[in-house]
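Summary of the model geometry
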Amino acid sequence: MNPEKFNNPSLQSIHLAAPFLYHGGAEKQFRYLIEALVQSGTSPTIHILSSRSIRGIDDNEFDNKILSRCTIIYHKNDVLNFNRNPASWIKALFKLFLGLKNANTVYFYTAYFLPIIPILKLFGKRVIFSERILSERTIRRLSLYKIAKLADNFVVNGDSLKDFFEGNGFKNITLIRNRVEPIKWNSDLSPRRNFAILSRYDPYKNIAMPIMALSKNSKWTINVYGEGGGIYYDELSKIAEKSKCSVSLNGQTLVNEIYNGNYLIVHPSLAEGTPNVLLEAMISRKPIIASSIRENKDTGIHAECLFDPSNPDAFSEFIENAVSLDAESWEVRLDHNERMAKARYSQLQFQKAIDALFFPPRGVN
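Cut-offs used in this document
- Residues numbered from 1 in each chain as written.
- Predicted model: local features only at pLDDT ≥ 70, side-chain atom pairs only at ≥ 80, totals over all residues.
- Heavy atoms only, no water.
- Pairing = 2+ DSSP bridges.
- Helix = DSSP H or I, 4+ residues; strand = E, 2+ residues; numbered from the N terminus.
- Contact = heavy atoms within 4.5 Å.
- Axes fitted to C-alpha atoms, helices over the stretch in contact; angles between N-to-C directions.
- Expected span 1.5 Å × (residues − 1).
- Buried < 20%, exposed > 50% of the residue type's maximum accessible area, 1.4 Å probe, protein only.
- Polar contact = N/O pair within 3.5 Å; in protein donor to acceptor, adjacent residues only side chain to side chain.
- Right-handed = clockwise from strand over helix to strand, strands pointing away.
- Salt bridge = Lys/Arg side-chain N within 4 Å of Asp/Glu carboxyl O.
- 1 Å grid on protein atoms, 1.4 Å probe; cavity = no way out; pocket = protein on both sides within 12 Å on 5 of 7 lines; lining within 4 Å.
- Points joined across faces, edges and corners; volume = space filled by probe spheres on them.
- Nonpolar A, V, L, I, M, F, W, Y, C, P; charged D, E, K, R; others polar.

1. Digging into the sheet that holds strand β12 (residues 288-291)
- As summarised here, the arrangement of the six strands in space is β10-β9-β8-β11-β12-β13, forming an open sheet in which the pairing is parallel. At either margin of the open sheet sits one strand with a lone partner, and together these are β10 (246-250) and β13 (306-307).
- Taken together, the three bridges between strand β11 (residues 264-267) and β12 define a ladder with parallel strand orientation. Looking across to β12, one finds that Val266 is bridged to Ile289.
- Helix α13 (residues 312-324) contacts β8 (194-200), β11, β12 and β13 of the sheet and is inclined by roughly 150 degrees relative to β11.

2. Observations concerning helix α1 (residues 25-39)
- Compared with an ideal rise of 1.5 Å per residue, which puts 15 residues at 21 Å, α1 spans 21 Å between its outermost C-alpha atoms and is within 8% of the ideal.
- Across the 15 residues of α1, 11 count as buried, placing the element largely inside the fold.
- Those residues of α1 lying buried are Glu27, Gln29, Phe30, Arg31, Tyr32, Leu33, Ile34, Glu35, Ala36, Leu37 and Val38.
- Immediately beyond the C-terminal end of α1, within one or two residues, lies Gly41, with a positive phi of roughly 95 degrees.

3. Comments concerning the environment of Arg177
- Tracing the sequence through the fold places Arg177 in the loop between β7 (173-175) and β8.
- Ignoring sequence-local partners within four residues, the contact set of Arg177 consists of Asn157, Asp159, Arg344, Tyr345 and Phe350.
- Engagement of the side chain of Arg177 in a polar contact is seen with the side chain of Asp159, the distance being 3.0 Å.

4. Examining the pairing of β10
- The alternating pattern of β10 places Val247 and Leu249 on a buried face, while none of Ser246, Ser248 and Asn250, on the opposite face, is buried.
- Two strands pair when backbone bridges link them, and strand β9 (residues 221-227) and β10 are joined in this way by five bridges, in the parallel orientation. Among the inter-strand pairings, Asn223 is bridged to a residue of β10, identified as Ser248.
- For the handedness criterion, the β-α-β arrangement of β9, helix α9 (residues 230-242) and β10 is classed as right-handed.

5. Structural notes on the pattern of salt bridges
- Tallied over the full model, the rule gives 16 salt bridges.
- Across the pair Lys162 and Glu166 runs a salt bridge whose closest N-O atoms are separated by 3.2 Å. Here Lys162 pairs with Glu166, and both are found in helix α7 (residues 159-167), just four residues apart, close to one helical turn.
- A residue is classified by how much of its surface remains accessible, and Lys162, at 24% relative accessible area, is partly exposed.
- With a relative accessible area of 36%, Glu166 lands in the partly exposed category.
- Between Arg294 and Asp298 there is a salt bridge, and its shortest N-O distance comes to 2.7 Å.

6. Overview of empty space enclosed by the protein
- Counted under the stated rule, the structure contains four cavities of 30 Å³ or more.
- Considered as a void within the structure, the largest cavity measures approximately 130 Å³ in volume.
- Lining of the largest cavity is provided by 15 residues; of these, Tyr107, Arg132, Val155, Ile176 and Phe350 occupy positions nearest its centre.
- For the lining of the largest cavity, the elements supplying multiple residues, two or more each, are α1, β6 (153-156) and α15 (347-358).
- What the second largest cavity holds in volume is close to 70 Å³.
- If you go around the second largest cavity, you meet 13 residues; those closest to its centre are Gly158, Gly273, Thr274, Glu295 and Asp298.
- Split by residue class, the lining of the second largest cavity holds three nonpolar, six polar and four charged.

The structure is reproduced here in structure tokens:
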């Protein structure tokens, strides 16, 4: 750490707010942010709104020494109930605002926090807001997101988000790509008929498409590893029961075990923020194929690893070709994927971006 870079005392009182500490990919990146700030010599205060968290099986890797350098305040709200009970949301934001009175810099992500941006600015706080996914919901809420124009920095993690908000008149956009760490796994000895889908059980993840595309062929083994349940999970269960191929709908499993037990990772989603599943496979040299949506393309993945997520018949042919590729052809794709992921999503690149965001030279926001 260069002490001269962090010589502005007003930037040392950093408060971060999030709905959860553990929940999904966004929270994993939030924990990486906490780690980067601690590595820079700060001791941030962290506000967690929710009374619950979904702790992933891999989340034990988050070093407790990092959290011991922070002050963590749990506000014990039912975040998942905010949409049904706006009064509880307003009460939670008011309580959060009171907790931010000693902050100089405030960072938060998700639209839950947008309404308090004007108040924070009125009280002279430096505000950093982040959005992580360009979905139909984000687009519908554009008028609400315009509040984020008041923030000092509006952080996005992907090119499509950057293009969307800049195209709608936002001048304060900062692109910071996700941090991705490689998965340690053994040489692949799994049968070429086995492939895995790592996902939430959510319609946007498009899990049904590959199952239905291959349902008539009994040679395939499809292993889905996901979090959640509900109506979509029930629909998938019915599809799986009717399929001639072997389909297992599993809970969370260690990623290295998934890699070891499946020849190919399939990432068929229809919408993404930054696709962590895809990037982890790329940087770990794990064979993967993915839907040809903008967010997946923006990772730099080899073009021949992309398929049309809306065409089951074409997918069936695509996966036949993928599993029949010789080792040399896969090595070309894996070399390309690893190189792109390391160049744009490494820990070093992330640390540099966080330092530049939170510790700009004097007079620069």
